Amino acid sequence: MKRPGVLLLGALPVIAAGVYFAVPGDSSDTAAPASPSSSATAGSARDDAKDRAEKEREADDALIADLPPGLAAPAKKELAQQLVSSAENSTTRWRTAYGSIQDVGDGDGYTAGIVGFCTGTHDLLTLVERYTEAHPDNGLARYLPALRKVDGSDSHEGLDPGFTAAWKAEAEVPAFRAAQEAERDRVYFEPAVRLAKLDGLGTLGQFVYYDAMVFHGPDTDPGGFYGLREQAMAKARTPGQGGSERAYLDTFLDVREQAMRDKRPGIDTSRVDTAQRRFLAAGNLELATPLVWEMYGDTYRVP
């Protein structure tokens, strides 16, 4: 739904090392060329940082492999899509939303598909680009120049009047439905669940991260998912840090709700208040069914 950032958790040590080993030049306009030995040293440092990052990721993978599947279990993943769909599309029948597309007036252009890919937030563009690489003759490919032009804005320039019809038509194609699901998993679901597990969170916490990732986007700025997590961690310890799971999740939801209100004053925060907070208050940290929640005044039930 929001602009995917460049943050890759496994790449963080590489990024940090790149900053650490960068040597600022003097104030003169002409810098002396780097000596072969200094270039070799810098290259070695980068290689070492990359090796450390790969080892850390391997260690994280090993840790996650020993944990319960949590939200990644098929039944829980299905439940997660129903919960998100109740907020994004006002139905738990999330597979009916492949062809949905409208401008909801939030400044992100057209919102479309199963998790609300947006023409103004880069994720819809990335979806169509990746889909077109595999299926060059698809009905959306001709809109790529326009999608690149409107990216980052709410403009419809070059998209009207035919793009919405083209999206709905392409959504009837099984390959495009599969592409939507794959992009949802790659950008939102898998990174959220992975990080939640590393933070020591159970199934509910993994969903809390996933829903926040969908709504706020995988950005590092204060209003993006990673920014929200940093703010929450400054106020409460994660279970992985020895903190209380319920206390940390309550703090994260406080931070997230405030970010929602800051972005859109008067926004309906049902997806937090009458869904996730309700599950948390009940102590349902494993997101066990049956579930009952409210979204925008409507009640939903999963038996």
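Residues numbered from 1 in each chain as written. Predicted model: local features only at pLDDT ≥ 70, side-chain atom pairs only at ≥ 80, totals over all residues. Heavy atoms only, no water.

K.L.:
Please clarify how empty space enclosed by the protein should be interpreted in this entry.
P.N.:
Taken as a whole and assessed by the stated rule, the structure comprises one cavity of 30 Å³ or more. In this structure, the largest cavity occupies an estimated 50 Å³ of space. Where the lining of the largest cavity is concerned, the elements lending two or more residues are helix H3 (74-88), helix H8 (203-216), helix H11 (270-281) and strand E4 (291-295). The class makeup of the residues in the lining of the largest cavity is six nonpolar, two polar and two charged. (1 Å grid on protein atoms, 1.4 Å probe; cavity = no way out; pocket = protein on both sides within 12 Å on 5 of 7 lines; lining within 4 Å. Points joined across faces, edges and corners; volume = space filled by probe spheres on them. Helix = DSSP H or I, 4+ residues; strand = E, 2+ residues; numbered from the N terminus. Nonpolar A, V, L, I, M, F, W, Y, C, P; charged D, E, K, R; others polar.)

K.L.:
Would you mind going over the pattern of salt bridges with me for this structure?
P.N.:
For side chains bearing opposite charge, pairing can occur when the charged atoms are close. A complete count under the given rule lists 21 salt bridges for this structure. Put simply, Glu129 and Arg148 hold a salt bridge, and the shortest N to O gap is 3.0 Å. Of the two residues, Glu129 is situated in helix H4 (residues 123-134) and Arg148 in helix H5 (residues 144-150); the sequence distance between them amounts to 19 residues. Salt-bridge contacts for Arg186 lead to Glu183; the nearest nitrogen and oxygen are separated by 2.7 Å. Separated by three residues within a single helix, Arg186 and Glu183 lie in helix H7 (residues 174-198), roughly one turn from each other. Accessibility expressed as a relative area gives 39% for Arg186, which makes it partly exposed. (Salt bridge = Lys/Arg side-chain N within 4 Å of Asp/Glu carboxyl O. Buried < 20%, exposed > 50% of the residue type's maximum accessible area, 1.4 Å probe, protein only.)

K.L.:
How do you make sense of the nonpolar core when you look at a structure like this?
P.N.:
The nonpolar side chains of a soluble globular protein tend to be buried with one another. Membership of the largest hydrophobic core comes to 73 residues, with the highest contact counts inside it found for Phe163, Trp167 and Tyr210. With sequence-adjacent residues up to four places away left out, Tyr210 is seen in contact with Leu71, Ala80, Gln81, Val84, Val115, Arg184, Tyr188, Phe189 and Ala192. (Core = buried A, V, L, I, M, F, W, Y, C linked by side-chain atoms within 4.5 Å. Contact = heavy atoms within 4.5 Å.)

K.L.:
Looking at this model, I keep getting lost on the pairing of E4. Mind explaining?
P.N.:
Looking down a regular strand, the side chains alternate between one sheet face and the other. Only one face of E4 is covered, namely the one carrying Leu291, Trp293 and Met295; the face carrying Val292 and Glu294 has none of its residues buried. Where E4 and strand E5 (residues 298-302) come together, five bridges link them in antiparallel fashion. Residue pairing across strands places Glu294 opposite Thr299, the latter belonging to E5. A loop of two residues connects E4 with E5, the two strands running antiparallel in sequence, and Tyr296 in this loop sits at a positive phi of about 55 degrees. (Pairing = 2+ DSSP bridges.)

K.L.:
How do you make sense of the confidence of the model for the protein chain when you look at a structure like this?
P.N.:
Interpretation of this model should avoid reading the predicted coordinates in detail wherever pLDDT is low. Of all residues in the protein chain, 87% attain a pLDDT of 70 or more, and the chain-wide mean is 89. Scored below 50 in pLDDT, residues 3-31 makes 32 contacts in the model with residues more than four places away or belonging to other chains. (pLDDT = per-residue confidence, 0-100.)

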